[in-house]
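Chain residues, written in single-letter form:
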Amino acid sequence: MKGSFKIHEIPGYICNLFLAEYDGGMLLLDSGSIADVKRVEDYCQNVLKRPVNDIKLVVVSHSHPDHAGGASVWRNKHKIPIAAHPRIDKWYYGAGGLLQHKIDCYLASWVAHRKKIKLEPILFNPRIRPDHVLEDQAELPYFPDWQVLHIPGHTINDVALYNEEEKTLYPGDCVMDVAGKLLLPVPIVFPDKMADSFDRLAELDANTIVLAHGSTIITDDPAEVFLHMKTLLEKPHNPLTALAYKLSYFSPEYRRYKGDKGESRKWKGERGKGLSNS
């Protein structure tokens with residue numbers, strides 16, 4: 001599906017959701033939390049006056065509850081295929097992954113509480129089992145005008161979506177806008193990978209950057225945005241952020257990456273499998 005589209009921003013439970021509307025179908029740029037499915041359903045039916053199954057693909061940008069939580073519902077309830085990074089189901093795998101999943105769901109609820117939002121269900125099935133695996137630099141299934149970019153750092157399975165023709169970028173969580181101030185997501189589990197990802201994003205001609213957390217950025221100098229984000233990696237953590245970091249190292253993917261003494265060599269060697277891009 002190619003051609004002109006309109007991006008609709010739908011306020012979600014914790015993050016914004018974005019629906020790219022084409023004449024022949026729609027693309028949901030991230031699955032949202034399990035509580036967000038009803039919000040997108042309502043938007044399709046009551047605002048767009050289109051059936052929900054006009055959504056032809058749901059992307060999961062990374063493993064966390066506010067981005068992956070709705071995936072199984074979209075597929076099981078509406079039969080909509082899910083697309084995600086090839087290692088998406090490794091993040092919450094095994095005993096360590098189960099613990100990390102529970103912690104991440106708790107942290108998501110804590111964020112909602114801090115924002116004085118009424119608490120909604122957040123626990124979700126952590127097994128995404130994507131129908132389509134998103135290799136780095138691939139075109140999105142059904143929507144070939146969107147390119148997939150692997151941008152590890154926040155997790156090892158983060159992906160961004162870039163539409164070169166429309167100069168539009170959805171970077172998942174790697175850029176956050178809080179009260180007009182650009183901030184890093186919490187945590188940055190792999191800061192070396194995140195720095196490389198910011199360098200890569202700085203090379204894109206993306207005048208419109210739609211943010212899951214915060215307001216859309218309209219810019220003539222996208223490189224400035226991402227190079228600024230890179231400088232934030234050097235700043236010390238405040239006490240609350242430091243606590244969140246201490247609770248974010250149980251995923252087996254963290255141990256897999258950090259346990260390899262030849263980190264860079266290993267992940268570079270797996271580039272062809274879509275596991276790294278640095």
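Here the residue numbers are simple positions, counted from 1 along each chain's written sequence. Only residues with pLDDT of 70 or above have their local features reported here, since the model is predicted, and side-chain atom pairs are shown and tallied only from 80 upward, although totals for entire chains, interfaces and linings are computed over all residues. Values shown for side chains rest on all heavy atoms present in the structure; no hydrogens or waters enter the calculation.

### A short note on the overall build of the protein chain
Helix and strand assignments follow DSSP, with helices taken as H or I runs no shorter than four residues and strands as E runs no shorter than two, numbered in order from the N terminus. Looking only at helices and strands, one finds nine helices and 14 strands in the protein chain. As a reference, a globule follows 2.2 Å times the number of residues to the power 0.38, and the radius of gyration itself is taken over C-alpha atoms. A compact globule built from 278 residues would reach a C-alpha radius of gyration of about 19 Å, and the protein chain, at 17 Å, matches this within 12%. Seen along its three principal axes, the alpha-carbon backbone of the protein chain occupies a region of about 50 × 40 × 35 Å. The classification of residues rests on relative accessible area computed with a 1.4 Å probe and restricted to protein chains. Under 20% of the type maximum is buried, over 50% is exposed, and intermediate values are partly exposed. Within the protein chain, buried positions represent 57% of all 278 residues. Pairs at least 24 residues apart make up 68% of the contacts formed inside the protein chain by residues separated by at least 6 positions. Entry remark: accessible area of the protein chain is about 12,400 Å², with carbon and sulfur atoms responsible for 53%. This count recognises Lys and Arg as positive and Asp and Glu as negative, with His and chain-terminal groups excluded. Taken as the charge location is NZ of Lys, CZ of Arg, CG of Asp or CD of Glu. Computed over 35 positive and 36 negative side-chain charges, the inter-centroid distance for the protein chain is 8 Å. Throughout, a residue-residue contact means that at least one pair of heavy atoms, one from each residue, lies within 4.5 Å. Accessible surface is estimated by sampling points in the Shrake-Rupley manner with a 1.4 Å probe; for residues, cover comes only from the protein chains shown.

### Re the sheet that holds strand 9 (residues 159–163)
Pairing is mixed across the open sheet formed by six strands, whose spatial order is 7-8-9-10-13-14. Across the chains shown, the open sheet's two edge strands, defined by having one partner strand only, are strand 7 (139–140) and strand 14 (217–218). Any two strands with at least two DSSP bridges between them are considered paired. When strand 10 (residues 168–170) meets strand 13 (residues 208–209), the two strands line up parallel, connected through two bridges. Its bridge partner lying in strand 13, L169 is registered against I209.

### A closer look at the nonpolar core
Residues L19, V40, I55, V60, W74 and I128 are the most contacted members of the largest nonpolar core, which totals 36 residues. Every element with two or more residues in this core is listed here: strand 2 (16–22), strand 3 (25–28), helix 1 (37–48), strand 4 (55–59), helix 3 (71–78), strand 5 (82–84) and helix 4 (94–114). With five residues, helix 1 is the largest single contributor of residues to this core. Aside from chain neighbours lying at most four places away, what touches I128 is V60, A68, A71, R75, I82, A84, I88 and D89. In terms of nonpolar packing, the next biggest core, distinct from the first, is built from 24 residues, I151, L182, M194 and I217 among them. Each nonpolar core is a collection of buried residues, namely Ala, Val, Leu, Ile, Met, Phe, Trp, Tyr and Cys, held together in the definition by side-chain atoms within 4.5 Å.

### Topic: a nonpolar patch on the surface
Within the patch definition used here, like charges are joined within 9 Å and nonpolar side chains (Val, Leu, Ile, Met, Phe, Trp, Tyr) within 5 Å, considering only residues with over 30% relative accessible area and no salt bridge. Salt bridges are defined as contacts in which a side-chain nitrogen from Lys or Arg sits within 4 Å of a carboxyl oxygen from Asp or Glu. Where nonpolar side chains cluster on the molecular surface, the patch consists of Y106, W110, V111 and L240 and spans about 370 Å² of accessible area. If one sorts the elements of the nonpolar patch by residue count, helix 4 sits on top with three residues. Counting through the fold element by element, L240 comes out in helix 7 (residues 239–246). Given a relative accessible area of 40%, L240 falls into the partly exposed group.

### Some thoughts on the sheet that holds strand 5
Strand pairing in a sheet is mediated by backbone hydrogen bonds. Such pairs are either parallel or antiparallel. On the basis of which strands lie adjacent, the open sheet formed by six strands has the order 1-2-3-4-5-6 and mixed pairing. The open sheet has two edge strands, strand 1 (6–11) and strand 6 (132–133), and neither has a second partner. On top of the sheet, helix 1 reaches strand 1, strand 2, strand 3 and strand 4; it is set at about 125 degrees to strand 1, its chief contact. The convention used is that axes are lines fitted to C-alpha atoms, helices contributing only their stretch in contact, and that angles between N-to-C directions extend from 0 to 180 degrees. Along the sheet face, helix 3 touches strand 3, strand 4 and strand 5 and points at about 155 degrees away from the line of strand 5.

### Brief notes about the packing of helix 5 (residues 191–202) against helix 6 (residues 222–232)
The geometry of helix 5 relative to helix 6 is characterised by a closest axis approach of 8 Å and an angle of 170 degrees between their N-to-C directions. Classed by the angle they form, the pair helix 5 and helix 6 counts as roughly antiparallel. Contacts from A195, F198, D199, L201 and A202 in helix 5 reach A223, F226, L227, M229 and K230 in helix 6. Split by residue class, the contact of helix 5 with helix 6 holds eight nonpolar, no polar and two charged. Throughout this description, any angle smaller than 35 degrees is read as roughly parallel, any larger than 145 degrees as roughly antiparallel, any in the 65 to 115 degree range as roughly perpendicular, and the remainder as oblique. Under the scheme applied here, ten amino acids are nonpolar (Ala, Val, Leu, Ile, Met, Phe, Trp, Tyr, Cys and Pro), four are charged (Asp, Glu, Lys and Arg), and all others, including Gly, are polar.

### Some remarks on the pattern of salt bridges
Inspection of every chain in the model, using the stated rule, returns eleven salt bridges. Put simply, D54 and R50 hold a salt bridge, and the shortest N to O gap is 2.9 Å. Of the residues examined, R50 reaches a relative accessible area of 12% and is grouped as buried. Where R200 meets D136, a salt bridge forms, and the shortest distance between an N and an O atom there is 2.8 Å. Of this pair, R200 sits in helix 5 while D136 is found in the loop between strand 6 and strand 7, placing the two residues 64 residues apart along the sequence. With respect to burial, R200 and D136 carry one shared label: buried.

These figures come from the coordinates and say nothing about function on their own.
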